Amino acid sequence: MAKIAVMVGTVYGGAQYVAEQGIELLGRMGHQPRLFHPARLSDVQQFDADHWLVITSTTGQGDIPDDLVPFYVAVQDKFPLFGNKSWAVITLGDSSYGDTYCGSGEKIRQLFSELQGTELTPMLRIDAGETLQPEDVALPWLAEHYRALLATS
């Protein structure tokens, strides 16, 4: 069993719905997930998770949603090295935006990469132009990759 901190950045609620469905799945798998929305770095650190998972939509020109910006800025400022923690990112976007497609997730992934933890698996990008219900893509991905996390915890 792994303690999993799930941070969400959402604009219209899609990423939050994916996170809520994901938390139910992770709990049924035997993990101990906790949703942080809005995410505060101090709360996430106090939970002392083995793994950080960010599920975020993208807004504007590849921007992080307003409800996740304070967390992102706090992580940048405090720069808490992950040590033996692992992390993963699920990002929702629209490929018709070209270079800014899934920009929010790209920014989070870059920041987390600098914190020296272990990326559980490459970032999942969910394209709104191809997928009407992002949970249909996210939940099988979570089940596959978090089975491996269960084996290592």
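See the structure above.
Cut-off values and rules
Along each chain, numbering runs from 1 in the same order as the chain's sequence is written. Given that the model is predicted, a residue must reach a pLDDT of at least 70 before its local features are reported, and side-chain atom pairs must reach 80 or more before they are shown or counted; all residues, however, enter totals for whole chains, interfaces and linings. Heavy atoms throughout the structure, all of them, feed into the side-chain values; hydrogens and water do not. We count a stretch as a helix when DSSP gives it H or I for four or more residues in a row; a strand needs E for two or more, and each element gets its number in order from the N terminus. In this treatment the radius of gyration is a C-alpha quantity, and the globule benchmark scales as 2.2 Å times the residue count to the 0.38 power. Think of it in three bands: with a 1.4 Å probe and only protein chains considered, a residue is buried below 20% of the maximum accessible area for its type, exposed above 50%, and partly exposed in between. In this analysis, two residues are considered to be in contact whenever any of their non-hydrogen atoms come within 4.5 Å of each other. Using a 1.4 Å probe, the Shrake-Rupley method yields the accessible areas, and only the shown protein chains count as cover for residues. Only four residue types enter the tally: Lys and Arg on the positive side, Asp and Glu on the negative side, with His and both chain ends excluded. Where a charge sits is defined by one atom per residue type, namely NZ (Lys), CZ (Arg), CG (Asp) or CD (Glu). Distance and chemistry together define a polar contact, namely a pair of N or O atoms within 3.5 Å, with one atom able to donate a hydrogen and the other to accept it when in protein, and with adjacent residues in sequence counting only for side-chain atoms on both sides. Geometry is summarised by axes, namely lines fitted to C-alpha atoms with helices restricted to the contacting stretch, and by angles between N-to-C directions that run from 0 to 180 degrees. Geometric relationships in this document are graded by angle, where less than 35 degrees denotes roughly parallel, more than 145 denotes roughly antiparallel, 65 to 115 denotes roughly perpendicular, and other angles denote oblique. Left-handed is the label given to a crossing in which the near helix is rotated counterclockwise from the far helix by less than a right angle, and right-handed is the label when the rotation is clockwise. In the scheme used here, Gly and all other residues not listed as nonpolar or charged are polar, with Ala, Val, Leu, Ile, Met, Phe, Trp, Tyr, Cys and Pro taken as nonpolar and Asp, Glu, Lys and Arg as charged. Criterion for a salt bridge: a side-chain nitrogen of Lys or Arg within 4 Å of a carboxyl oxygen of Asp or Glu. To form a nonpolar core, buried Ala, Val, Leu, Ile, Met, Phe, Trp, Tyr and Cys residues must be joined to one another through side-chain atoms within 4.5 Å.

Now for the overall build of the chain. The secondary structure content of the chain amounts to five helices and six strands. Beginning at the N terminus, the succession of helices and strands in the chain can be written as β-α-β-α-β-α-β-α-β-β-α. Since a compact globule built from 153 residues should have a radius of gyration of about 15 Å, the 14 Å found for the chain is in line with a globular shape. Seen through its principal axes, the chain has C-alpha atoms that stretch 40 × 35 × 25 Å. Counting across all 153 residues of the chain, residues that qualify as buried make up 48%. Relative to all contacts within the chain whose residues are 6 or more apart in sequence, the contacts with residues 24 or more apart total 79%. Accessible surface, the chain: about 7400 Å² in total, of which carbon and sulfur atoms supply 48%. Across the chain, the mean location of the 10 positive side-chain charges is 9 Å away from that of the 19 negative side-chain charges.

Moving on, we get to the environment of D67. Looking at the element boundaries, D67 is found in the loop between β3 (51-57) and α3 (69-78). Put simply, D67 and T10 are 57 residues apart on the chain and 6.9 Å apart in space, counted from C-alpha to C-alpha. Setting aside residues no more than four positions away along its own chain, D67 makes contact with V8, G9, T10, H37, P38 and A39. One polar contact links the side chain of D67 to the main-chain amide nitrogen of T10, over a distance of 3.1 Å.

A separate point is the packing of α3 against helix α4 (residues 103-114). Working note: a packed helix pair is described by the angle between its axes plus the distance between those axes. Remark: α3 packs on α4, axes separated minimally by 11 Å, with the N-to-C direction vectors making an angle of 25°. Classed by the angle they form, the pair α3 and α4 counts as roughly parallel. For α3 against α4, the interelement crossing comes out left-handed. On α4, the residues that touch F71, Y72, V75 and Q76 of α3 are K107, I108, L111 and F112. Among the residues making up the contact of α3 with α4, the classes are represented as six nonpolar, one polar and one charged.

A complete count under the given rule lists four salt bridges for this structure. With a shortest N-O distance of 2.6 Å, E106 and R125 are connected by a salt bridge. Note that E106 is positioned in helix α4 and R125 in strand β6 (residues 124-127), a separation of 19 residues in sequence. Owing to a relative accessible area of 32%, E106 belongs among the partly exposed residues under this scheme. Take R125: its relative accessible area is 39%, and that puts it in the partly exposed class. Across the pair R109 and E119 runs a salt bridge, and its minimum N-O distance is 2.9 Å. Of this pair, R109 sits in helix α4 while E119 is found in strand β5 (residues 118-119), placing the two residues 10 residues apart along the sequence. Judged by its relative accessible area of 28%, R109 is partly exposed.

Within the largest apolar cluster, 24 residues are counted, with the highest numbers of intra-cluster contacts made by I4, V6, L53, I55, I90 and Y146. Of all the secondary structure elements, the ones that give two or more residues to this core are β1 (3-9), α1 (14-28), β3, β4 (86-93), β6 and α5 (135-152). If sequence neighbours within four positions are ignored, L53 has contacts with I4, A5, V6, M7, L26, A88, V89, I90, L142 and Y146. Judged by nonpolar contacts, the second largest core, of 23 residues, contains A49, V54, V75 and L111.

Nothing here speaks to function; it is all geometry.
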